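The residues making up each chain are set out below.
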Amino acid sequence: MNLTVTIDDEVLRRARIRALEQGTSVNEQVRQFLESYAGGEVERRARSKLVDLARASASSSGSVGRRWTRETLYEDRVSRQTPGRVHEPE
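For clarity, every value in this text was computed on a predicted model and none was experimentally measured.

**A few points about the overall build of the chain**
Check the secondary structure of the chain and you find 4 helices and 0 strands. For the chain, with 90 residues in total, the buried portion stands at 3%. Counting every atom, the chain has about 9,000 Å² of accessible surface; 52% of that belongs to carbon and sulfur.

Printed below as a string of structure tokens:
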């Protein structure tokens, strides 16, 4: 299917230059944009399905819930480093 679009001459000139620099064409860039744009509904439905699956999941962190914190995970990571090596924050 063909589509006619009106684009400012200067914008089209800059787009052609950029496309050439990237080894592509303005037509290909517009096609990719429209495919991504049109696919938005499909992506939204996929995210919604993922959320529904997560809510229906029987997985949990146990009867008492999550028992770790950012600090305890960091301490564990540091303690696994080579013995005698001191970790200094950047």
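Next comes the rest of the description.
**Quick notes on the layout of surface pockets**
In this structure, the largest pocket encloses a volume near 390 Å³. Lining the largest pocket are Met1, Asn2, Leu3, Val5, Ile7, Leu12, Val26, Asn27, Val30, Arg31 and Leu34. Counting residues per element, the lining of the largest pocket draws most heavily on helix 2 (residues 26-38), at 5 residues. Here the residues of the lining of the largest pocket are counted per class, giving 8 nonpolar, 2 polar and 1 charged. In this structure, the second largest pocket spans a volume of roughly 180 Å³. Within the residue set of the lining of the second largest pocket, elements represented by two or more residues are helix 1 (9-21) and helix 2. Each residue belonging to the lining of the second largest pocket can be placed in one class, and the counts come to 7 nonpolar, 2 polar and 1 charged.

**Here we look at the confidence of the model for the chain**
Residue-level pLDDT values for the chain average 83, and 86% of them are 70 or greater. Within the chain, no element has a lower average pLDDT than helix 4 (residues 70-79), which sits at 81, and none a higher one than helix 1, at 97.

Conventions and cut-offs
Residues numbered from 1 in each chain as written. Predicted model: local features only at pLDDT ≥ 70, side-chain atom pairs only at ≥ 80, totals over all residues. Heavy atoms only, no water. Helix = DSSP H or I, 4+ residues; strand = E, 2+ residues; numbered from the N terminus. Buried < 20%, exposed > 50% of the residue type's maximum accessible area, 1.4 Å probe, protein only. Areas by Shrake-Rupley, 256 points an atom, 1.4 Å probe, with all protein chains shown as cover. 1 Å grid on protein atoms, 1.4 Å probe; cavity = no way out; pocket = protein on both sides within 12 Å on 5 of 7 lines; lining within 4 Å. Points joined across faces, edges and corners; volume = space filled by probe spheres on them. Nonpolar A, V, L, I, M, F, W, Y, C, P; charged D, E, K, R; others polar. pLDDT = per-residue confidence, 0-100.

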